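The chain contents come next:
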Amino acid sequence: HLCYADDLLIFAAADLKSIEFIKQGLDHFKAVSGLAAGAEKSFIFFCNSNRRMKEHILSMTNFRQGVLPVKYLGLPLITSRLTKRDCIPLIEKILTRVNSWTTKILSYAGRLQLIKSTLASMQIFWCSTFLLPAEVIKECERILRKFLWASSGNSGKRGLVKWTTVCLPRPEGGLGIKSLKTWNQILLLKQIWNILNDHSLWVQWCKLNLIRKHSFWTLSTTGSMSWSWRQILHLRNKALTQLVYVCGRWDKFSLWYDPWFHGTSIYSTYGYRVIYDAGLGNNELVQTVIENDQWCWPTTSPQLLDIQSRVQNIPITSSLDSISWGSVGKPFTTKQAWESLRISAPQVGWAKLVWHTLHIPKHALCYG
């Protein structure tokens, strides 16, 4: 296979029979797009290729052989678990920004505003792609904490308030800074939402190469897969607590594996035996058990009889099958996901007295 990206990276995993197509692919791309691959800035990354094959491809393309990890779009392109060493550019970027500001004359309120408007947003791109290691999250929050209380990312001064309290919303006694760990998970949950609802090129690639003919909900988290994809699979249970499957024409959802059955799936509730007893295939849709707008499940086992009874309160309509987040008809939003998944605390009675519409930020933060 040959993939070409922005005249920068080329990934090749081929056998000797397919080498002749590599040059043809590059020539065809040039003819269609008018763009020629620059040999001085293009690299080939090999996987499971012997020395003879590597030399042949390199001599034919005049490209250089690349070695992972490298940076692509500002992120580390790796094949293994993300480590703190891989995240050093992110940590250094935040620390450099903090130390570049003249903050000694800033009040706590001024530093809080800088954290919310600038420093917190510097991590979004990384959090949208990777599940950051715990030590990286701890280091990033340490820098923010030191900057808030001591105006420096390297200060040894202790915080005046616990960071978990600072990360609470103002009505709950905090300052409204988002917890990086929870925010990281929510941004990755958006990828699950896209897999279930979107039709982007990335989603199509995931369905073709990672999900294939299986169900997203039954994919194993072990085996040969990337570390990033495994982290997405680990978040399925958290996503399932918020996803709402609304059955309409019954021509989209898997009969056995999609969680349309009272918030869960038939397979996870009854196991594989019920599929065998029904005498139906693994790839059947919900519409298979509907005839004349009535539920018509096979009655060959006690489990199937129980299913026939429990689906009677699930209405059969002519609308489209749809997936919502939180409640029927609502799409995924990071704001809504944040409110539903974050760790909350009881509201404090003094919040409105301190954070009223005419408050002075410097004074209100000190009072709070």
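All values derive from a computational prediction rather than experimental measurement. (Residues numbered from 1 in each chain as written. Predicted model: local features only at pLDDT ≥ 70, side-chain atom pairs only at ≥ 80, totals over all residues. Heavy atoms only, no water.)

Our focus in this paragraph is the side chain of E139. One can find E139 in helix α6 (residues 134-150). Exposure remark for E139: the relative accessible area of 18% places this residue in the buried category. E139 has contacts with K84 and I91, leaving out every residue within four places of it along the chain. (Helix = DSSP H or I, 4+ residues; strand = E, 2+ residues; numbered from the N terminus. Buried < 20%, exposed > 50% of the residue type's maximum accessible area, 1.4 Å probe, protein only. Contact = heavy atoms within 4.5 Å.)

Turning our eyes to something else, we now look at the layout of surface pockets. Within this model, the second largest pocket holds a volume of roughly 600 Å³. Among the elements of the structure, α8 (180-197) and α9 (201-211) are those that each provide at least two residues to the lining of the second largest pocket. Ranked by the residues each element gives to the lining of the second largest pocket, the list is headed by α8, at 3 residues. Residue classes in the lining of the second largest pocket are distributed as 10 nonpolar, 8 polar and 5 charged. (1 Å grid on protein atoms, 1.4 Å probe; cavity = no way out; pocket = protein on both sides within 12 Å on 5 of 7 lines; lining within 4 Å. Points joined across faces, edges and corners; volume = space filled by probe spheres on them. Nonpolar A, V, L, I, M, F, W, Y, C, P; charged D, E, K, R; others polar.)

For I177, the position within the fold is in the loop between α7 (163-166) and α8. What makes I177 buried here is its relative accessible area of 4%. Along the primary structure I177 and L144 are separated by 33 residues, whereas in three dimensions their C-alpha atoms are 9.9 Å apart. If we ignore the near neighbours within four places in the chain, the residues touching I177 are L112, I115, K116, W163, V166, C167 and L168.

How two aromatic rings sit relative to each other is given by the distance of their centres and the angle of their planes. Applying the stated criterion across every chain, the model contains 14 aromatic pairs. Residues F216 and W217 carry aromatic rings whose centres are separated by 5.4 Å and whose planes lie at 75 degrees to one another, so their mutual orientation is edge-to-face. Taken together, a centroid distance of 5.8 Å and an interplanar angle of 70 degrees make the contact between W256 and W297 edge-to-face. With a gap of 41 residues between them, W256 in the loop between β7 (243-246) and α12 (266-270) and W297 in the loop between β9 (294-295) and α14 (302-310) connect regions that are remote in the sequence. The buried category is assigned to W256, whose relative accessible area is 0%. Taken together, the ring pairs in this structure connect W260, F261, Y270 and W295 into an aromatic cluster. When the ring centre of W355 is taken as reference, the NZ or CZ atom of R170 above it lies at 4.0 Å. Of note, R236 hangs over the ring of F216, and the distance from its end group to the ring centre comes to 5.9 Å. (Phe/Tyr/Trp six-rings, centres within 6.5 Å; stacked < 30°, edge-to-face > 60°. Lys NZ or Arg CZ within 6 Å of the ring centre and 35° of its normal.)

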